[in-house]
Amino acid sequence: MKMRCKLLVASFVMGISTPLYAQEFTAENRVTVTGVAEGFEVVNGGGYGARGMWCAAADYARTILGARGNARMFIAEGRTPGLGQRAPVRFTLDPTGLDPSPVFIVGASLRRAGASLSVDHAYQFCADARVINR
């Protein structure tokens, strides 16, 4: 009986030890955010473009990571330039190894590693989805 109990406990521990970053999160604008080893990825803006991607990233940072409103989010790995690029954008709360710079043009920010907005500023873009989804 002891061996069976040990196997059951081992199975349970392995099941709950699935990395947090492997789980998906659906932001309030219905955009999927996936945690990855060094941050989190947003695949698309759900029809809202760059603003939708920043919104989803901010919602994830607030809800899943517990980030405060004044925390900065950074593009860790941007999209490659080109027409119709749909590669995911990787965000992080850790600027290590990046050259942080404020965002002036939201659409262009998705291509530049180090582009940065506060969580609260990016979360304001979620208002676009709230108005459209009424």
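Here, every reference points to the structure presented above.
Quantities reported herein were computed from a predicted structural model and do not represent experimental measurements. Numbering of residues starts from 1 in each chain and follows the order in which that chain's sequence is written. For a predicted model such as this one, the threshold for reporting local features is a pLDDT of at least 70, and the threshold for listing and counting side-chain atom pairs is 80 or more; totals across whole chains, interfaces and linings nevertheless cover every residue. Excluding hydrogens and water, the side-chain figures rest on all heavy atoms present in the structure.

### Here we look at helix α2 (residues 49–63)
We count a stretch as a helix when DSSP gives it H or I for four or more residues in a row; a strand needs E for two or more, and each element gets its number in order from the N terminus. Each residue after the first adds 1.5 Å to the expected span of a helix. Helix length check: α2, at 15 residues, gives a terminal C-alpha distance of 21 Å against a target of 21 Å (1.5 Å per residue), a fit within 8%. The buried fraction of α2 amounts to 11 of the 15 residues, a majority that puts the element mostly inside the structure. Burial status follows relative accessibility: with a 1.4 Å probe on protein chains alone, a residue under 20% of its type maximum counts as buried, one over 50% as exposed, and anything between as partly exposed. Within the span of α2, buried status applies to Ala 50, Gly 52, Met 53, Trp 54, Cys 55, Ala 56, Ala 57, Ala 58, Asp 59, Tyr 60 and Ala 61.

### Re a nonpolar patch on the surface
Patch definition: residues above 30% relative accessible area lacking any salt bridge, with like charges linked at up to 9 Å and the nonpolar side chains Val, Leu, Ile, Met, Phe, Trp and Tyr linked at up to 5 Å. Note on areas: Shrake-Rupley, 1.4 Å probe, and residue coverage restricted to the protein chains presented here. By salt bridge we mean one thing: a side-chain nitrogen of Lys or Arg within 4 Å of a carboxyl oxygen of Asp or Glu. A contiguous nonpolar surface patch, about 210 Å² in accessible area, is contributed by Ile 64, Leu 65 and Leu 93. The topology assignment puts Leu 93 in the loop between β5 (89–92) and β6 (101–102). Owing to a relative accessible area of 32%, Leu 93 belongs among the partly exposed residues under this scheme.

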